[in-house]
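What follows is the residue order along each chain.
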Amino acid sequence: MRLLKTKTVPGPNVWGLCPVIESTLDLGGSDDSLTAASAWLRRHIGSWNPDLKPSPNGTKSGGHAELVRDLAHIVLELQKLAGAPASFSKVVETRQPGVFLAAFEYVEEQLARECLDAACEMVQAAAAGQAIDPPGTVERLRATAGRQMLGPSTNSIVQAARARNIPTIRLDEGSLVQLGHGRAQHRIRAAETDRTLATAEGIAQDKEVTRTLLQAVGVPVPRGFTVTDAEDAWYTAVEYVGLPVVVKPRYGNQGRGVAADLSTCEQVKAAFEAARKEGEDVIVEKFAPGQDYRLLVVDGKVVAASRREPAHVTGDGRSSVRALVDEKNRDPRRGDAHATVLSKLVLDEIALQVLGEQGYTPDSVPVSGKRVLIRRNANLSTGGTATDVTESVCPEIAEHAVAAAAVVGLDVAGIDVITGDISLPLEQQSGVIVEVNAAPGLRMHLSPSEGTPRDVGGAIVEMLFPNGENGRIPIAAVTGTNGKTTVTRFLAHLAKGKDHFVGMTCTDGIFLDGRRISSDDCSGPISAGLVLMNPKVDVAVFETARGGILRAGLGFDRCRVAVVTNIADGDHLGQSGVETAEDLAHVKATVVRAVLPDGAAVLNAADPLVAAMAADCPGRIVYFALDGHNPILVRHREAGGAAVFVRGRAIVLAEGAAEEVLLDLEQVPITFQGRVEFEAENALAALAGAWALGVPKPLLVERARSFHTGIDEVPGRMNVFSIRGGTVILDYGHNAAALRAMTAALEAFPHRRRLAVYSMAGDRRDSDLIHVGELLGDAFDTVFLYDPYTIRDRAPGEIPALIRQGVERGARTREIVDVPNPAESLRAALDRVEAGDLLVMQPDDIDEAIALVRTYLSQVPERVGEREAR
Amino acid sequence: MSMAQVLWVRCFRGPSLWSREPVLAAAVRGTPEEAGALAQETLRLQVECGAHVSRASCAEGSEPGTQLAVVELEDEEVARRCFSAALEGCPVPADKVGPLREWADEIVLGPNTRALAEAARRRSIPVRRMGRGSLLILGYGIRQRRLWGARSDRTSAIAEMIGWDKPLAKEMLRSAGIPVPAGRLASDAADAVAAAAELGGPVVIKPESANHGRSVYLNLTDPAGIEAAFSAAQGEGATGQVLVERCVQGAEHRVLVVGGRVVAALRGDPLYATGDGVRSLRALVDEINLDPARGVEPECPLYPVEFDEVTLATLGRQGFTPETILAAGERALIQRNGNLKLDVTGDVHPANAGLCVLAAEAVGLDIAGIDLVAEDIAVPLPEQAGALLEVNPMPGFAMHVGIPVADLIVREVYPEGTDGRIPIAAVHGASAATVAREIHAALRARGVVAGALLLHPRQAVGLFEFSEQGLFERGLEFDQCDVLVLTDSECFEPGARVLAGCVGAGGLVLLPDSAPWRAELATLCSACVRTYAPGPGWETTVARMVDEELSGLG
């Protein structure tokens, strides 16, 4: 069994909507022992018994597919055991015998890959009769998970967001996460939100300023003063504060350098020195007896409260302190890092000191029932426990906690309260608030050692997204073989409506509010992701190409509208495992499958493969077709569905039986008064998409009329020029279907002689190249052929030679001219144009071609007059 | 003089019986000359400590043989220590001043914070400093705003974190369509060389997350230089990774964005030294460092040139060391960046200003210092292959010489025409407590939060009660009030006079109708004066009158 390739696909993809790892496995030459081992391991991995010996021979074996399926399940199980549960998996046999493609869902990429490796290793080891150690493997995987996964605080917020259908994007390796898209987004970093003020955090770090502010709002705080030397500390303790006291550093949190319940000069001075290590200023404050509570305030409400106890053990009269600690650490909820619910108790220096103060050593045997502290502070990270007491907090204390958070300026705050009974007002028990913490840990509230877990992540999400908002902005995804870019650009123009800020990606680049900010091919998921991170975007339109879908899935989790223009004969067939048009349709239908339940797919009723995608759409369907009598369209309307079509010269929007003329084809410039059929179809698709997005009809009309076909709006898409009385069309269409559509459209432009400049990328099949040549040969009088920049694996000259083969079979072409360099080829063709000619230029690099045409146009008047040698 | 001769010494943060301004007042037994010297020395020491104070005076005390010294103060603790030092002997010897100054250095307002406080005062916006740090609370109660250096109470903590994380900030900029240099993180020296090769052309090496432009190596072309720079930069950042970026050609600029607008821009050109055939580079640099604009103090716009690793590397690539003696007229490049001297605020092309504002927005900062590289800031960046490098939170002010940055920031939090004040009512005299309680109840019935600390974020009215003794000992918190109630009718006490002097022209003073000093009152303030009859239930009546007046001001 060999693992040939692994690929991570983070976005919705050909397998489904969840992120998957695709692995290619070669089982050629493997025998039954592997199959049996795989089945046996799958059965037992979930509940491993250490006494189990590998004895897979007794199991019935089921064939290679079964082996891979079992393997996939083992990988899922390992992920679950490591703490990152995933459930989807699928196995497919490839055309190569013995080679299988397995896809399984993942939560953390690195972890999932390690699970895959571990599964393969264990199956092979078991098949060979070697010993395996699943628990050890799981331990290792859990450690990986701990390092990579979001911490529990951040994770609770992310899960709460997902439960509300709010999209989440992880922004870095730490806990920075974007919730929502575009303008509707919020950022969080663990329990910090983008509403948490830097000044508030600074204030919370300064215990002295915090105290002053708390006093200002009437919150009971312990009497205390700041001192800067040890003598002063003791003097202040005795004269101004009153023993016993607490000594703590003025700045910082996390409980470092804090010593409580001090009554002697030595204790106070020693504590001063310890606190001094954290900073010059030290606070001496009255010690408040009582229990240690942490109240979590979110958006002006106390959403959780926890009673915290420091790490301790309870004697049983027999066991040593050390043994009691070990016993406590056996609790599976106790881990080594921050990642687990509780932390392990550690007998370190501080613990030894604390024990010493109580008169114990690790070997002492405490009396039965005696509580022995291992730490004095109640932090979870040092082994403390937390009991949920949310229901018991009395309204007066809650009010104080809320006021404390407000005056410091925190949207999310952990308020430390020390009092006897949290259900009685502080004033009745000399209870006090001792600290306000920014970015508090949520772990103790999410998974208390006792009591009810609280959905604090949900409370934070509720604050950021009130009233059921889901942080989404409308996203339209456009795919298909031809017309993608034109439809995307037109749709983006329509979606602007009155004053929306549209973020659009297409093969020409990324466009923000009409401004182009990148000149590369941006029809993939990374560019889409960049747009969704932009806080100004309130509508997004993404051209979604086949390549990106196969490589990494979609750059967004769901869309409001999916537009599929056509599949036709397909393009790029024979690449990446996509052999037929049906295969291609399945890939492109990914966007349809990602439509939100309240969204719509805009589908070409005249293309059977596209129309059939209706079955995959979770939302509603809007069909478009030039012919309003298209049977699929008609049936759909009869069932109450929506459609967009042309009747006579008018574009009609229909819903069920109701119809409304939107505007005439004449009024949509890109259709060339309706004469260019494929552009009319593109217009229908874009208008249907914008309609489905919710652009009001009057705005649709206004925007449609203002979308021109110039070089700036749709460069390289049906740009038409006049040169020396001849017509020149610059169009990027680069497959047979596009060429056919273009040829049909030529009737709209009066001409006598036809010329063409053409080529194709090297990764197309030989048959595709020849076929295009045939189409050229039948349609054009003179054909210029060039060698494109992207010849891939072909030899120079090979591509034009193959196309030439097809041209020579054609009926019309009299002259074939080879000009190898693309720019030279365009120039040579332009030089030939005379009155009555029609030249179709299909450029390799649109930007280069446009620049060339611009230069040419600016020089043409002179050239007509003077034929200068160049 | 000694402590024994001091009857009392008090510090006042607001108006007191002795001054409208914050002062230290001390009653001492001694001659006028002694007291005068004490006052002047206290003043001088404060100035040595960096306080901006200038007034000190002396007068005869109420008891014979006593004097009253009144010295302007900026910080109470500093004033007290200076006073104590002056007591031990005027003038205080130099070896005692030094330690005093060092101690005060930690406490006195830093230049940025001072600039902000002064900008607020110029607009009559109340300012209080909280603690010893840079936190300033401007305004009162519900109208308060907070500033912490170049960071307002609208600055998100996450935005700051993103600004400090250079690779992450670049992602944000890229998503907003802002041109940034191509590049990536490298994890070891070989990786850095590979990254440079991917980019092609000269590269910049810098730590992932350091500040102040330290350890930034520009224009590296050879693998050896790249590796050396990698090692140096690696130590600075937190994760050991280093950014390798394409070196953008052009001059460095720093653009300051405040509240969605570009308010200042500086341009820096590479620093060269020109030889004279005699002096070494070290001597030439010493001369450069004589420029008063260069210094380590925060007030100085530029740092002194040091022969640190970056400078040595720059010189080394030209084949120079600090000891090299250049030929007459020969030039040596000393530093590529860090020389932001030229104010180009008026030259920034609107499109570039738009990009800078957008950059601050993309990261989420309301106040930011944008570092960008361009040949000419008056030409749109895309036309000249310029790029933005960084978005810095809490930018410095001092480098923008001549631009009132502090005023602009204060205007950002308090637009023209606002001053952050809330109506303040003060009650004076024996019955102050009772009347204040009534007023408080009346306000609470209307849902208005009132109190004496002026810090509560929902507080709409300041309400204070004063006794003569209290005024004598502690003075006032505020410098202006809107309503004053005087409850004593026998005499017009000094404290009451001070309060009356604080009532604004549009305010109201209430006094018992039997008070004979109404005319005198009118000379102290031009507010409206009304009387009330001190019969049974007068407290409630007065409270109602105050409540009415306050609701009118609301």
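Residues numbered from 1 in each chain as written. Chains lettered and ligands numbered in written order. Predicted model: local features only at pLDDT ≥ 70, side-chain atom pairs only at ≥ 80, totals over all residues.

1. Observations concerning the overall build of chain A
Helix and strand content of chain A: 28 helices and 38 strands. When the backbone C-alpha atoms are referred to their principal axes, chain A occupies close to 110 × 70 × 60 Å. Residues classed as buried in chain A amount to 52% of the 870 residues present. In chain A, once contacts between residues fewer than 6 apart in sequence are set aside, the share between residues at least 24 apart is 68%. (Helix = DSSP H or I, 4+ residues; strand = E, 2+ residues; numbered from the N terminus. Buried ≥ 20, exposed ≤ 12 C-beta atoms within 10 Å, placed from the backbone. Contact = placed C-beta atoms within 7 Å.)

2. Re the interface of chain B and chain A
Across the boundary between the two partners, chain B contributes 27 residues, which contact 33 residues of chain A. For the side of chain B that touches chain A, the elements supplying multiple residues, two or more each, are strand 7 (145-148), helix 5 (157-164), helix 6 (166-175) and helix 11 (350-363) of chain B. Its residues assigned to classes, the side of chain B that touches chain A shows 13 nonpolar, 8 polar and 6 charged. (Nonpolar A, V, L, I, M, F, W, Y, C, P; charged D, E, K, R; others polar.)

3. Thoughts on the sheet that holds strand 38 (residues 837-841) of chain A
Residues and elements named next belong to chain A. Strand order in the open sheet made by the 6 strands is 33-34-38-35-36-37, with mixed pairing throughout. In the strand order of this sheet, the two ends are held by strand 33 (719-723) and strand 37 (815-818), each with one partner. Strand-to-strand twist in this sheet, taken as the mean axis angle between neighbours without regard to direction, amounts to 15°. Sheet topology note: the strand 34 (residues 726-730)/strand 38 ladder contains 4 bridges and is parallel. Looking at strand 38, one finds that Ile729 is bridged to Val840. (Pairing = 2+ DSSP bridges. Axes fitted to C-alpha atoms, helices over the stretch in contact; angles between N-to-C directions.)

4. Some words on the sheet that holds strand 13 (residues 291-298) of chain A
What links the strands of a sheet is backbone hydrogen bonding, and the strands pair in either a parallel or an antiparallel sense. All names here are of chain A. Spatial ordering of the open sheet is given by 19-14-13-20-21, a layout of 5 strands whose pairing is antiparallel. The open sheet has two edge strands with one neighbour each: strand 19 (385-388) and strand 21 (432-438). Adjacent strand axes in the sheet meet at a mean angle of 30° when their direction is disregarded. Here strand 13 pairs with strand 14 (residues 301-309) via 7 bridges, running antiparallel. Residue pairing across strands places Val298 opposite Lys301, the latter belonging to strand 14. Running at roughly 135° to strand 20 (residues 412-419), helix 12 (residues 395-408) makes contact with strand 13, strand 14, strand 20 and strand 21 of the sheet.

5. Things to note about the packing of helix 16 (residues 525-533) of chain A against helix 6 of chain B
One can describe the packing of helix 16 of chain A onto helix 6 of chain B by two numbers: an axis separation of 8 Å at closest approach and a directional angle of 90°. Here helix 16 of chain A is positioned roughly perpendicular relative to helix 6 of chain B, judged by the angle of their axes. Residues Leu530, Val531 and Met533 of chain A of helix 16 of chain A form the contact with helix 6 of chain B, whose participating residues are Met172, Arg174 and Ser175 of chain B. Partitioning the contact of helix 16 of chain A with helix 6 of chain B into residue classes produces 4 nonpolar, 1 polar and 1 charged. (Parallel < 35°, antiparallel > 145°, perpendicular 65-115°, else oblique.)

6. Description of the pairing of strand 7 of chain B
Side-chain positions along a regular strand alternate between the two faces of the sheet. Residue and element names in this part refer to chain B. Here strand 7 shows no split at all, with Arg145 and Leu147 on one side and Arg146 and Trp148 on the other all buried. In terms of strand pairing, strand 6 (residues 135-138) meets strand 7 through 4 bridges, oriented antiparallel. In the sheet register, Leu136 faces strand 7, and the bridge partner there is Leu147. Here strand 6 folds back onto strand 7, and the loop between the two strands holds 6 residues, one of which, Gly139, carries a positive phi near 70°.

7. A word on the domain arrangement of chain A
Interfaces are often sized by the accessible area lost when the parts come together. Residue and element names in this part refer to chain A. When cut into domains, chain A gives domain 1 (2-149), domain 2 (223-286), domain 3 (475-705) and domain 4 (719-865). Placing a centre on the C-alpha atoms of domain 3 and another on those of domain 4 gives a separation of 28 Å. Every contact between the two is made by 16 residues of domain 3 and, on the other side, 13 residues of domain 4. Classifying every residue of the side of domain 3 that touches domain 4 by side-chain character gives 5 nonpolar, 6 polar and 5 charged. (Domains from an automatic or database assignment.)

8. A look at helix 18 (residues 581-588) of chain A
Of the positions making up helix 18 of chain A, those classed as buried are Leu584, Ala585, Val587 and Lys588 of chain A. Angular distribution of buried residues about the axis of helix 18 of chain A spans 160°; they occupy a single face of the element. (Arc of directions from axis to C-beta.)

9. Brief notes about the environment of Arg43 of chain A
Counting through the fold element by element, Arg43 of chain A comes out in helix 1 (residues 32-44). Expressed as a C-alpha distance, the spacing of Arg43 of chain A and Leu4 of chain A, which sit 39 residues apart in the sequence, is 26 Å.

10. A closer look at the domain arrangement of chain B
Residue and element names in this part refer to chain B. Under the domain assignment, chain B is made up of domain 1 (3-105), domain 2 (271-335) and domain 3 (424-553). When each unit is reduced to the centre of its C-alpha atoms, the spacing between domain 1 and domain 3 is 32 Å. If you look at the interface, domain 1 gives 7 residues, while domain 3 gives 12 residues. By residue class, the composition of the side of domain 1 that touches domain 3 is 3 nonpolar, 2 polar and 2 charged.

11. Quick notes on the environment of Ser519 of chain A
Mapped onto the elements, Ser519 of chain A comes out in the loop between strand 25 (515-518) and helix 16. C-alpha of Ser519 of chain A to C-alpha of Asp508 of chain A: the two residues are 11 residues apart in sequence and 6.0 Å apart in space.

12. Description of the nonpolar core
Residues Ala562, Val602, Phe624 and Leu687 of chain A together with Ile205 and Ala359 of chain B are the most contacted members of the largest nonpolar core, which totals 433 residues. Counting residues per element, this core draws most heavily on helix 22 (residues 677-693) of chain A, at 12 residues. Once you skip the residues sitting within four places of it in the chain, Ala359 of chain B turns out to touch Leu173, Ala176, Ile178, Ile370, Leu388 and Val391 of chain B. Counting 10 residues, the second largest nonpolar core, distinct from the first, contains Ala311, Leu324, Val325 and Leu345 of chain A. (Core = buried A, V, L, I, M, F, W, Y, C linked by C-beta atoms within 7 Å.)

13. Points about unusual backbone geometry
Note that the residue after Leu243 of chain A, namely Pro244 of chain A, is joined by a cis bond; omega there is -10°. Tracing the backbone shows Pro244 of chain A in the loop between helix 8 (230-241) and strand 10 (245-249). Although it is not a glycine, Arg724 of chain A sits at a positive phi angle of roughly 50°. Relative to the helices and strands, Arg724 of chain A is located in the loop between strand 33 and strand 34. Overall, Arg724 of chain A belongs to the partly exposed group, with 17 C-beta atoms counted inside 10 Å. Even without glycine at this site, Met394 of chain B takes up a positive phi of about 45°. Counting through the fold element by element, Met394 of chain B comes out in the loop between strand 18 (387-392) and helix 12 (405-413).

14. A look at the confidence of the model for chain B
Detailed reading of the predicted coordinates is not advisable wherever pLDDT falls low. Put simply, chain B has an average pLDDT of 88, and 98% of its residues get 70 or more. The ipTM assigned to the predicted complex is 0.80, against a pTM of 0.84. (pLDDT = per-residue confidence, 0-100.)

15. Looking at the confidence of the model for chain A
Residues and elements named next belong to chain A. Taken as a whole, chain A shows an average pLDDT of 89; of its residues, 96% reach a score of 70 or greater. The lowest-confidence element of chain A is helix 28 (residues 846-865), averaging 73 in pLDDT; the highest-confidence one is strand 27 (residues 559-564), averaging 98. Under a pLDDT of 50 for its full length, residues 862-870 has, in the predicted model, 1 contact with residues more than four places off or in other chains.

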